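Below, each chain spelled out in residue letters.
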Amino acid sequence: MSTRYPPIGPSYWMRTAPGDEPYPSLASDVDVDVAVIGAGMAGLSTAHELMRAGRTVAVLEAGRLAGGVTGYTTAKLTALHGMVYARLRRTRGAEGARLYARSQTEAIEHAAALVEELGVDCDWEPRSAYSYVTDPARADQVRAEAEAAREAGLPAVFTQVTGLPFPVAGAVRLDGQAQFHPRSYLLAIAADLAAQGALILENTRVTGLTEGDPHTLEAETGHVVRARDVVVATHYPVFDRALLFSRLKPRREFVVAGRMPDSLDPDGMYITSEENTRSVRTAPLDAPGKRLLIVTGEHVLPGTGDPEERFRRLADWAVASFPGTEPAYGWATQDTDATDTVPLVGPLHPGARGLWVATGFRGWGMSGGIMAGRLLATLIDGKSSPWAELYDPRRVLPVLREAPRFLQTQAEVAKHFVGDRLAAACRTMPVDGIEPGDGAVVRVGGETLAVHRDEEGALHAVSARCTHLGCLVGFNAAERAWECPCHGSRFAPDGSVLQGPATRPLARRELRRRGDGPPAS
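Keep in mind that what you see is a predicted model, and the values were worked out from it rather than measured. (Residues numbered from 1 in each chain as written. Predicted model: local features only at pLDDT ≥ 70, side-chain atom pairs only at ≥ 80, totals over all residues. Heavy atoms only, no water.)

As for the state of the cysteines
Quick reminder of the rule: In plain terms, two cysteine sulfur atoms within 2.5 Å form what is called a disulfide here. The helix and strand labels rest on DSSP assignments: H or I over at least four residues marks a helix, E over at least two residues marks a strand, and numbering proceeds from the N terminus.
The tally for this structure, following the rule as stated, stands at one disulfide. Covalent S-S linkage joins Cys471 and Cys486, the inter-sulfur distance amounting to 2.1 Å. Between Cys471 and Cys486, the S-S torsion sits near -95°, and that sign places the bridge as left-handed. Here Cys471 is found in the loop between strand E20 (459–463) and strand E21 (474–476), whereas its partner Cys486 is found in the loop between strand E22 (481–483) and strand E23 (490–491), with 15 residues between them in sequence.

Concerning the packing of aromatic side chains
Threshold: Each aromatic pair joins two rings of Phe, Tyr and Trp (for Trp, the six-membered one) with centres within 6.5 Å, and gets the label stacked for planes under 30 degrees apart, edge-to-face for over 60, and tilted for any other angle. Buried residues are those whose accessible area, probed at 1.4 Å on protein chains only, stays under 20% of the maximum for their type, while exposed residues exceed 50% and partly exposed ones sit between those limits.
Applying the stated criterion to the full structure yields 13 aromatic pairs. Considering the side-chain rings of Tyr132 and Phe166, the 6.1 Å spacing of their centres and the 50° angle between planes classify their relative orientation as tilted. Taken together, the residues Tyr132 in strand E4 (residues 125–133) and Phe166 in the loop between strand E5 (156–159) and strand E6 (170–179) connect sequence positions 34 residues apart. Where Phe180 meets Tyr185, the ring centres are 5.3 Å apart and the plane angle is 75°; that geometry is what we call edge-to-face. For Phe180, a relative accessible area of 0% gives the class buried. Residue class for Tyr185 comes out buried when judged on its relative accessible area of 2%.

Comments concerning the confidence of the model for the protein
To keep things clear, this is the line we draw: The predictor attaches a confidence to each residue, called pLDDT, with possible values from 0 through 100. The criterion used for residue contact is that any of the two residues' heavy atoms lie within 4.5 Å.
Chain-level statistics for the protein give a pLDDT mean of 91 and a share of 91% at 70 or above. Between residues 513–521, whose pLDDT stays under 50, and residues either more than four places distant or in other chains, the model counts 26 contacts.

Considerations on the side chain of Arg87
Looking at where Arg87 falls in the secondary structure, it is placed in helix H3 (residues 85–91). Judged by its relative accessible area of 16%, Arg87 is buried.

Focus: the sheet that holds strand E18 (residues 439–444)
As a general point, the strands of a sheet are linked pairwise by backbone hydrogen bonds and lie either parallel or antiparallel. Put simply, the rule reads: The criterion for strand pairing is that DSSP finds at least two bridges linking the strands in question.
A sheet is described by the order of its strands in space; here four strands give the open sequence E18-E19-E20-E25, paired in antiparallel fashion. Taken across any chain shown, the strands that pair with only one partner, and hence form the sheet edges, are E18 and strand E25 (508–509).

Concerning the sheet that holds E23
Read across the sheet, four strands follow the order E21-E22-E23-E24 without closing on themselves; strand pairing throughout is antiparallel. Only two strands of the sheet have a single partner each, and these edge strands are E21 and strand E24 (497–499). As paired elements, E23 and E24 share two bridges and run antiparallel to each other. Looking across to E24, one finds that Phe491 is bridged to Val497.

So, the side chain of Asp229
Quick note on the threshold: Working convention for charge: Lys and Arg count positive, Asp and Glu count negative, and His plus the chain ends are omitted. Salt-bridge detection follows one rule: a side-chain nitrogen of Lys or Arg within 4 Å of a carboxyl oxygen of Asp or Glu.
Mapped onto the elements of the fold, Asp229 is located in strand E10 (residues 224–232). Although Asp229 is buried, it forms no salt bridge, and the closest oppositely charged side chain is Arg55 at an N-O distance of 4.1 Å. Ignoring any residue separated from it by four or fewer positions in sequence, one finds Asp229 in contact with Asp33, Val34, Ala35, Arg55, His215, Gly354, Trp356 and Ile380.

With respect to helix H7 (residues 307–321)
Quick reminder of the rule: Here the expected span of a helix is defined as 1.5 Å times the quantity of residues minus one. Starting at the helix axis, one direction is taken to each C-beta atom, and the arc is that of these directions.
Compared with an ideal rise of 1.5 Å per residue, which puts 15 residues at 21 Å, H7 spans 21 Å between its outermost C-alpha atoms and is within 8% of the ideal. Every buried residue of H7 is accounted for by Pro307, Phe311, Leu314, Ala315, Trp317, Ala318 and Ser321. The buried residues of H7 occupy one face: seen down the axis, they fall within an arc of 160°. In this fold, the buried residues of H7 make contact with E4, strand E11 (248–261), strand E13 (278–284), strand E14 (290–300), strand E15 (326–338) and E21.

Comments concerning unusual backbone geometry
Keep in mind that most residues, glycine aside, have a negative phi and that most peptide bonds are trans. The peptide bond linking Asp213 to Pro214 adopts the cis configuration, its omega dihedral lying at 10°. Turning to its location among the elements, Pro214 is positioned in the loop between strand E8 (206–210) and strand E9 (215–219). A cis geometry characterises the amide bond from Gly500 onward to Pro501, with omega recorded as 25°. Relative to the assigned elements, Pro501 resides in the loop between E24 and E25.

And the structure:
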């Protein structure tokens, strides 16, 4: 029997830390030392470091502060990023793995210090992190990962004992990590920024960048921000002068959360790549004898697959694995993977002067975003960092080892860019066949349109071509959104931008052909 599950909607973090009065939108032209595009973990961390270094800063956010990917994360602060260290040792050498471990660990320590210094109430809880497998055939892989993590300088151990309510074949355990409420943390960081004089702007989508001295950012509001340095911290870069999109792959991942007896708390943060990923942690609840169980997994390429079925599968697993759990929240998040594993943090392109980027965190954007903020602030200040080269976006891919994944990513993009067009050209279904709440990409009057029928039966049509690079979007019925499978842009049924890299909406269209239903609104 399938589990009863909540609809996919706002995350627990967004519901329980909604913020007070919104910050203003850009209402006049502004001149600052540094403009940061994006108010998630990476953007606000960068801004906070720069303000403390004496720079004037403006933060421009297209929506609400910490309301994007950071507001929908599982919020684990750990340097144990799945099975990463054996691979880093192979592709970056022992020193590269060591620098990765050190940079992530120092980010966690920095966050802990800020929580203490600012008195941040963000449900900060020290926890051990585990990367585990249940398949005995993979136990040796886990042993090798534990060894690689220790060689990288982490106090990691191999164990077969965990707090999970089912046996594991092996796990890497790393003590001294943490979990927290990410939006509460960032609201406090933003408040401290504002108190120091930083300009924080919400509902200010940046649509243009003109490089110069200073650089000029054009906003949807019609005003501009001029800055000597610009940081693009929009998760997926909205400006990509170095073609970084060729080295990034988006994925949509689902989360189910619910009340559970605190006696079943596994007392740790867990992840496995098995079963299309399972990530587990808990959070405190203001309810006697209860904790909030948070389970993540079942990722898909945006605009493809069956998100509702994936979410049901995840919810079923959560209840079966943790009896007594009552699903109460469901949400989805979007991660961006760098094809060579390591995030891209540094100069935006080879010839960049004062243009910076932070992206490709591979689902580990909490420690990664804090690390990026500290690294970018150091580089903007003209200083060196021991791990700047490791994260440098201009790095050359290790061709023999990483080319297969890079080529696979590009093959998938090409498949959607060309194959989806061919499929759409042959798709002649009448729009009358679209059920309420669903959507489809169809040919209407010689044009490829994305058509959605709302719950009241009205049709809404927009161009199906993503305004980023022209791939055809697909409909996510679970979240009522058009999504681009090439680079992850997301749009509302009316075409408005929900998530970049696209900065312009899908153009609206009217349906006028007989049999195609009423005109789209």
